Amino acid sequence: MSRVRRGPWARGGAAGSLATVNQDPSRPRLTTSAMIASIAAEGQRTTSAPFGRALVEIGKQRPDIVGMSADLSKYTDMHIFANAYPDRFYQMGMAEQNLMLAAAGMAHEGFVPFVTTYAVFASRRTYDFISQGVAEEGLNVKICCALPGLTTGYGPSHQATEDIAIFRGMPDLTIVDPCDALDIEEATQAIAAHEGPVYMRILRGNVPLVLDEYDYKFELGKAKLIRDGKDALIISSGLMTMRALEAAEALKSDNVDVGVLHVPTIKPLDEATIAREAGRGGRLVTVAENHSVIGGLGEAVAASLLRADVVPKFRQIALPDEFLDAGALPTLHDRYGISAAAVARQIKQWL
């Protein structure tokens, strides 16, 4: 098995492709690079740069909104805001710790900084600076990070598979994990209106558009039942809600009826809705997340259900507790069990 990794110095602008993970020679050769991080399937409806475009719209009415990035504005869609409001954008260079404290200073002066970098850099490199400089002070800083979980093929140096686990323990920090382009746009508006520090995972570039087909609207702190099902319930966040919906459709042909409860706010967790839906009908309850099996949504939901005396048949779909391979995203998603086909296989097996 080929394992290709890049060192921690690699940035989103690095050119060239990585070698692929070994696969069936009869299938098309899949390649990836840090510049190709879309999770959209061929022919799937997408919206370009929903985070950046939403922030520009908010900025029209909010002169207190400023944008800040650490050498990654182009690769977090912050460049759209920077082009629209060059006098309200600050490029801090490759200095993530400085970025967070500079944002804290801006917030102290009454501005609302939206800060972008990669999720690995925010969680691993700047934790103490966010904790002491932003969260402890209760400052109105919005930390919006690309490449969450397994959304890049660049290997462990860029795959933020443990970011939610890292941040869940930080007091007074709201954590948001939106699903698609619609969710990102509405979540960006909601966190701009929210007073206090926020960590939000974002998808960049051409982002799939899924939730507009359902009666859905993002509400901070609220879980939403996207579809009901009598056999199983998938509780999911982020891109895994899209995968859960795709798996539920695929399982209909096997007469398996699967519901999907989308949990875009990880902290504070909507424990009441989760307990109500998980305790209804004796269904298999599976938590699906684009995150390590350790410390993320799955363990948060499990603990919440135990506290509520709700004990369904419970399973987790998550990334393994290990450093993941580099390679093509479709190959990696199937390998680590977070593709729609893999989700459907696991649900069917457990049932």
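Anyway, here's the lowdown on the structure attached to this text. Throughout this description, residue numbers start from 1 for each chain and increase along the sequence as written. In view of the model being predicted, local features appear only for residues whose pLDDT reaches at least 70, and side-chain atom pairs are presented and counted only at 80 or more, with totals across whole chains, interfaces and linings using the full set of residues. With hydrogens and water stripped out, all remaining heavy atoms of the structure feed into the side-chain values.

**Structural notes on the overall build of the chain**
Only DSSP runs of H or I reaching four residues or more are called helices, and only runs of E reaching two or more are called strands; each is numbered from the N terminus. Across its full length, the chain holds 12 helices and 14 strands. Burial classes: relative accessible area under 20% of the type maximum marks a residue as buried, over 50% as exposed, and values in between as partly exposed (1.4 Å probe, protein chains only). Counting all 351 residues of the chain, 59% fall into the buried class. The criterion used for residue contact is that any of the two residues' heavy atoms lie within 4.5 Å. When contacts within the chain are restricted to residue pairs at least 6 apart in sequence, long-range pairs at least 24 apart make up 78% of them.

**Some details on the sheet that holds strand S10 (residues 232-236)**
Pairing between the strands of a sheet is mediated by backbone hydrogen bonds and can be parallel or antiparallel. Pairing is mixed across the open sheet formed by five strands, whose spatial order is S9-S11-S10-S13-S14. Edge positions in the sheet fall to strand S9 (224-227) and strand S14 (314-319), since each has one partner strand and no second. On average, each strand axis in the sheet is tilted by 25° relative to the strand beside it, whichever way the strands run. Across three bridges, the pairing between S9 and strand S11 (residues 258-262) is antiparallel. Bridged to Leu 225 within S11 is Leu 261. Axes here mean lines fitted to C-alpha atoms, for a helix over just the part in contact, with angles spanning 0 to 180 degrees between N-to-C directions. Across the sheet, helix H8 (residues 239-251) touches S9, S10, S11, strand S13 (284-292) and S14, and the angle it forms with S11 is around 170°. Only strands joined by at least two bridges in the DSSP assignment are considered to pair.

**Concerning the environment of Thr 126**
With respect to the element layout, Thr 126 can be found in the loop between helix H4 (119-125) and helix H5 (127-135). Its relative accessible area of 0% is what places Thr 126 among the buried residues. When the C-alpha atoms of Thr 126 and Met 100 are compared, they prove to be 7.3 Å apart, with 26 residues separating the residues in sequence. Sequence-distant contacts of Thr 126, that is, excluding residues within four places in its chain, are made with Glu 96, Gln 97, Met 100 and Phe 121. Separated by 2.5 Å, the side chain of Thr 126 and the backbone oxygen of Ala 122 make a polar contact. For this analysis, a polar contact is any N or O atom pair within 3.5 Å, provided that within protein one partner can donate a hydrogen and the other can accept it, and provided that sequence-adjacent residues contribute only side-chain to side-chain pairs.

**What to know about the packing of helix H1 (residues 50-61) against helix H7 (residues 181-193)**
In contact at an axis separation of 9 Å, H1 and H7 are set at 35° when each is read in the N-to-C sense. Along this stretch, H1 crosses H7, giving a crossing that reads as right-handed. Here Pro 50, Phe 51, Ala 54, Leu 55 and Ile 58 of H1 lie close against H7, whose contacting residues are Ala 181, Ile 184, Glu 185, Thr 188, Gln 189 and Ala 192. Throughout, the ten residues Ala, Val, Leu, Ile, Met, Phe, Trp, Tyr, Cys and Pro are labelled nonpolar, Asp, Glu, Lys and Arg are labelled charged, and all others, Gly among them, are labelled polar. The residue inventory of the contact of H1 with H7, partitioned by class, reads eight nonpolar, two polar and one charged. For any helix crossing, the convention is left-handed if the near helix is rotated counterclockwise from the far helix by under a right angle, and right-handed if that rotation is clockwise.

**A word on the nonpolar core**
Counting 110 residues, the largest nonpolar core has Phe 51, Phe 114, Tyr 199, Met 200, Ile 235 and Ile 347 as its most contacted members. With eight residues, the top contributor of residues to this core is H8. Leaving out residues up to four positions away in the same chain, Tyr 199 has contacts with Ala 119, Ala 122, Ile 143, Cys 145, Asp 163, Phe 167, Leu 173, Thr 174, Ile 175 and Val 176. Residues grouped as a nonpolar core are buried Ala, Val, Leu, Ile, Met, Phe, Trp, Tyr and Cys residues, joined through side-chain atoms within 4.5 Å.

**Observations regarding H8**
Note on helix geometry: an α-helix contains 3.6 residues per turn, so any two residues three or four positions apart are oriented the same way. What a helix should span is 1.5 Å times the count of its residues minus one. With 13 residues, H8 ought to run about 18 Å at 1.5 Å a step, and its terminal C-alpha atoms sit 19 Å apart, in line with that. For H8, the buried fraction is high: 10 of the 13 residues fall into the buried class. For H8, the complete set of buried residues consists of Leu 239, Met 240, Thr 241, Met 242, Arg 243, Ala 244, Leu 245, Ala 247, Ala 248 and Leu 251.

**Topic: the packing of H8 against helix H12 (residues 340-350)**
Helix-helix packing: each pair is described by the crossing angle between the helix axes and the interaxial distance. For the pair H8 and H12, the least separation of the axes is 8 Å and the interaxial angle reads 60°. Regarding the angle of H8 to H12, the classification is oblique. The chirality of how H8 crosses H12 is right-handed. From H8, Met 240, Arg 243, Glu 246, Ala 247 and Leu 251 reach across to H12, where they touch Ala 340, Val 343, Ala 344, Ile 347 and Lys 348. For this classification, under 35 degrees means roughly parallel, over 145 means roughly antiparallel, 65 to 115 means roughly perpendicular, and everything else is oblique.

**Brief notes about unusual backbone geometry**
Residue Pro 268 is reached from Lys 267 by a cis peptide bond, and omega for that bond is 0°. Along the chain, the position of Pro 268 falls in the loop between strand S12 (265-267) and helix H9 (271-278). A positive phi angle, close to 65°, is found at Asp 77, a residue other than glycine. Mapped onto the fold, Asp 77 is located in the loop between strand S2 (65-69) and helix H2 (79-84).

Don't take any of this as a statement about function, it's just geometry.
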